[in-house]
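Structure at a glance
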Amino acid sequence: MNKFLRPIATGLALLLLSGIFVELGLWQWHRAQATSAQGKVIPSSIPVALIDVDKAGRNIYTKAINRIVTLQGHYVKDYVAPTQNIGAGGYKDLSVGLFEITDNRAILIVRGLHDSSIAPTSQQLDIQGRLYPSQQEDHGFNSDTSLGRIDPALVAGTGHYSLFDGYIIAISEKDSTGTEITGNRVPSPVLVQSISGFYWQHIAYVVIWWFMALLVPCAPIIAKRHERKLNSHALEVE
């Protein structure tokens, strides 16, 4: 009886293993589609309070990136961020301020070009701008008044604030009377996140898992052919 049951059990095991590989391939396929869809998401243009979409003292929420946010508070320190790429405008020095809101929280805000068109101020302001993740590459030197990259890690310890990750490019600044502060602002385009590498990584796993699914049922056949060749070669030698 074992002679009949053993091949059946082996076949079922191979079929199960092949099915597992198919499911793993489908899982990676769905992840690839989800990754592709993520890159096409258009953020809402409706302004929302910063504290409603993100929190200080932790990594920026993915869904908060590119959102138009509003916040109220005042600037506590001013910096210059040199040689920043502002698209068609080329590379310019930017005015950046550390902006304090309630509960000892603060965030970096790009106010505009560093050309004296926007005067430093410590008055209470209402700000609207687009939220971006922290920069990873340096564009200049760091000092007490200069930021090589726009990254709250460079101002950690200043005032002992709980800092928001990322930064905001200001679209408008208004004082307590509602008067808008004018000056040379910089573009705040939607940041296109590169996801192509992750997409093709998932596709590569799809190919691997489905190849394994095909290889499993073929393995016994390949093994038997190899065994026959070895036996045939042994007989020829004898």
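Residues numbered from 1 in each chain as written. Predicted model: local features only at pLDDT ≥ 70, side-chain atom pairs only at ≥ 80, totals over all residues. Heavy atoms only, no water.

1. Observations concerning the pairing of strand β6 (residues 162-175)
- Of all 14 residues in β6, 11 are buried, a share of seventy percent or more.
- Sheet analysis places strand β4 (residues 105-113) next to β6, joined by five bridges and oriented parallel. Note on β6: the bridge partner recorded for I109 is I168.
- Bridge count for strand β5 (residues 125-132) against β6 is eight bridges, and the pairing is antiparallel. Bridging across to β6, Q128 finds its partner in S172. (Buried < 20%, exposed > 50% of the residue type's maximum accessible area, 1.4 Å probe, protein only. Helix = DSSP H or I, 4+ residues; strand = E, 2+ residues; numbered from the N terminus. Pairing = 2+ DSSP bridges.)

2. Thoughts on the side chain of D151
- By the element assignment, D151 lies in the loop between β5 and β6.
- A distance of 2.9 Å separates a polar atom in the side chain of D151 from the backbone nitrogen of A153.
- Each residue touching D151, except ones within four places of it in the same chain, is listed here: L108, S134 and Q135. (Polar contact = N/O pair within 3.5 Å; in protein donor to acceptor, adjacent residues only side chain to side chain. Contact = heavy atoms within 4.5 Å.)

3. Considering the packing of aromatic side chains
- Enumeration according to the criterion identifies three aromatic pairs in this entry.
- Seen from their ring centres, Y75 and F99 are 4.9 Å apart, and the 70 degrees between their planes marks the pair as edge-to-face. Placement of Y75 in strand β2 (residues 68-85) and of F99 in strand β3 (residues 91-101) is noted, with a sequence separation of 24 residues between them.
- We classify Y75 as buried; its relative accessible area is 4%.
- Each ring, one from Y132 and one from Y167, has its centre 5.6 Å from the other, and the planes form 20 degrees; the classification is stacked. With Y132 in strand β5 and Y167 in strand β6, this pair connects stretches of sequence that are 35 residues apart. (Phe/Tyr/Trp six-rings, centres within 6.5 Å; stacked < 30°, edge-to-face > 60°.)

4. Remarks on a nonpolar patch on the surface
- Nonpolar side chains collect at one region of the surface, where L16, L17 and I20 lie side by side and expose about 270 Å² of accessible area between them.
- The class for L16 is exposed, based on a relative accessible area of 58%. (Patch = residues over 30% accessible without salt bridge, like charges linked within 9 Å, V, L, I, M, F, W, Y side chains within 5 Å. Areas by Shrake-Rupley, 256 points an atom, 1.4 Å probe, with all protein chains shown as cover. Salt bridge = Lys/Arg side-chain N within 4 Å of Asp/Glu carboxyl O.)

5. Here we look at the side chain of Q28
- Tracing the backbone shows Q28 in helix α1 (residues 2-38).
- Of the residues examined, Q28 reaches a relative accessible area of 6% and is grouped as buried.
- Those residues within four positions of Q28 in sequence are excluded, and the remaining contacts are H202, Y205, V206 and W209.

6. What about the environment of I171?
- Within the secondary structure, I171 is located in strand β6.
- For the pair formed by I171 and Q128, sequence separation is 43 residues and the distance between their alpha carbons is 5.6 Å.

7. Notes on the nonpolar core
- Within the largest apolar cluster, 21 residues are counted, with the highest numbers of intra-cluster contacts made by L71, F99, I107 and I109.
- Listing elements by their share of this core, those giving two or more residues are α2 (50-53), β2, β3, β4, β5 and β6.
- Discounting chain neighbours no more than four positions away, the residues touching I107 are L50, L71, G97, L98, F99, L131, F164, G166, Y167 and I168.
- Membership of the second largest hydrophobic core comes to 19 residues, among which are I86, V96, Y132 and I150. (Core = buried A, V, L, I, M, F, W, Y, C linked by side-chain atoms within 4.5 Å.)

8. Some words on unusual backbone geometry
- Despite not being glycine, N66 has its phi angle at roughly 80 degrees, a positive value.
- Among the structural elements, N66 can be located in the loop between α2 and β2.
- Positive phi outside glycine occurs at S116, with the angle close to 70 degrees.
- With respect to the helices, strands and loops of the structure, S116 is situated in the loop between β4 and β5.

9. As for the pattern of salt bridges
- Going through the model one piece at a time under the given rule, you end up with six salt bridges.
- Between D144 and K77 there is a salt bridge; the shortest N-O distance is 3.5 Å. Of this pair, D144 sits in the loop between β5 and β6 while K77 sits in strand β2; the two residues are 67 residues apart in sequence, bridging distant segments of the chain.
- In this structure, D151 engages R149 in a salt bridge whose closest nitrogen and oxygen atoms are separated by 3.0 Å. R149 shares its class with D151; the two are buried.
- One network of salt bridges, in which partners are shared, links R111, E173 and R185.

10. Topic: the confidence of the model for the chain
- Residues with a pLDDT of 70 or more make up 84% of the chain, whose mean pLDDT is 86.
- By mean pLDDT, the top-scoring element of the chain is β4 (98), and the lowest-scoring one is helix α3 (residues 196-237) (71). (pLDDT = per-residue confidence, 0-100.)

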